[in-house]
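Structural overview
Read off the chains here:
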Amino acid sequence: VLSVSVEFCMIFWGANYLEQALGMVKANAAQSISLFTTAMILGRILGSRIIQRFSVRAMITISVLIAGIGFLLFWLTKQPLIGLLGLFLVGFGIANLYPFIISLAINAADGNTVQAGARATLASGTAILALPLALGGLADAVGIRSAYAVVLVLLIGVFLINQFVGGRTNR
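Residues numbered from 1 in each chain as written. Predicted model: local features only at pLDDT ≥ 70, side-chain atom pairs only at ≥ 80, totals over all residues. Heavy atoms only, no water.

Every buried residue of helix α5 (residues 97-107) is listed here: L97, F100, I102 and L104. At its buried positions, α5 is contacted by α1 (2-20), α2 (26-50), α3 (56-76), α4 (80-94), α6 (113-142) and α8 (149-164). (Buried < 20%, exposed > 50% of the residue type's maximum accessible area, 1.4 Å probe, protein only. Helix = DSSP H or I, 4+ residues; strand = E, 2+ residues; numbered from the N terminus. Contact = heavy atoms within 4.5 Å.)

In structure tokens:
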């Protein structure tokens, strides 16, 4: 839920953020979201190549740290170019969280892979439905810059769960 929420909060509200918080022209802000999706594609290509060298949990940690650094650049700056660099890094970092977390869930399912897959699908659908709407509602109440703190909380949650919850299975 948490990692998919980050992905879709960035996709749904990133252009509005770039326009409202960083002062970009609406058309340029909307077009700039392609940096996020391009970074996700590149991240998945690289992740599929290097996953054999590291544990899944280590890769999740690295991915969250990259996404977190990118998000802080995106969120804390007032400079559009730095914000765009941050947007790219968030996409690059978040790219592999869903496939890596799914692999841990299926591995932990003790043969109940269909049930694990169904729960993961339910979690993803819930994330896509709920968190972007919650972020939008919060942005209406407190402004988009403040509301985007939700994404930082989500990333911290993924990091903490990966570090401290669940078994120590790596692959």
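Turning our attention to the packing of α3 against α4. Where α3 contacts α4, the axes come no closer than 7 Å and their chain directions differ by 160 degrees. By the angle class used here, α3 and α4 are roughly antiparallel. Read as a crossing pair, α3 and α4 show a hand that is left-handed. Across the interface between the two elements, S63, I66, A67, G70, F71, L73 and F74 from α3 touch I82, G83, L85, G86, L87, L89, V90, F92, G93 and I94 from α4. Partitioned by chemical class, the residues of the contact of α3 with α4 number twelve nonpolar, five polar and no charged. (Axes fitted to C-alpha atoms, helices over the stretch in contact; angles between N-to-C directions. Parallel < 35°, antiparallel > 145°, perpendicular 65-115°, else oblique. Left-handed = near helix turned anticlockwise from the far one by under 90°. Nonpolar A, V, L, I, M, F, W, Y, C, P; charged D, E, K, R; others polar.)

So, about the packing of aromatic side chains. Throughout the structure, instances matching the rule amount to eight aromatic pairs. Here the aromatic rings of Y17 and Y148 are separated by 5.0 Å at their centres, their planes lie at 70 degrees, and the arrangement is edge-to-face. With a gap of 131 residues between them, Y17 in helix α1 and Y148 in the loop between α7 (144-147) and α8 connect regions that are remote in the sequence. Residue Y148 is classed as buried on the basis of its relative accessible area of 0%. Note on F71 and W75: the rings are 5.5 Å apart at their centroids and 25 degrees apart in plane angle, and the pair reads as stacked. On the criterion of helical spacing, the pair formed by F71 and W75 is a turn pair, its members being four residues apart in helix α3. (Phe/Tyr/Trp six-rings, centres within 6.5 Å; stacked < 30°, edge-to-face > 60°.)

Let us now look at a nonpolar patch on the surface. A cluster of nonpolar side chains, contributed by I156, L160, I161, F164 and V165, occupies part of the molecular surface with about 490 Å² of accessible area. Among the secondary structure elements, L160 is positioned in helix α8. (Patch = residues over 30% accessible without salt bridge, like charges linked within 9 Å, V, L, I, M, F, W, Y side chains within 5 Å. Areas by Shrake-Rupley, 256 points an atom, 1.4 Å probe, with all protein chains shown as cover. Salt bridge = Lys/Arg side-chain N within 4 Å of Asp/Glu carboxyl O.)

This paragraph deals with the confidence of the model for the protein chain. The predicted model of the protein chain has a mean per-residue pLDDT of 93, with 96% of residues at 70 or higher. Ranking the elements of the protein chain by mean pLDDT puts α5 last with 91 and α4 first with 98. (pLDDT = per-residue confidence, 0-100.)

Looking now at the nonpolar core. Grouped together as the largest cluster of nonpolar side chains are 40 residues, with contacts concentrated most on M10, L18, F71 and Y148. Of all the secondary-structure elements, those providing two or more residues to this core are α1, α2, α3, α4, α5, α6, α7 and α8. If you tally residues by element for this core, the top one is α3, at eight residues. (Core = buried A, V, L, I, M, F, W, Y, C linked by side-chain atoms within 4.5 Å.)

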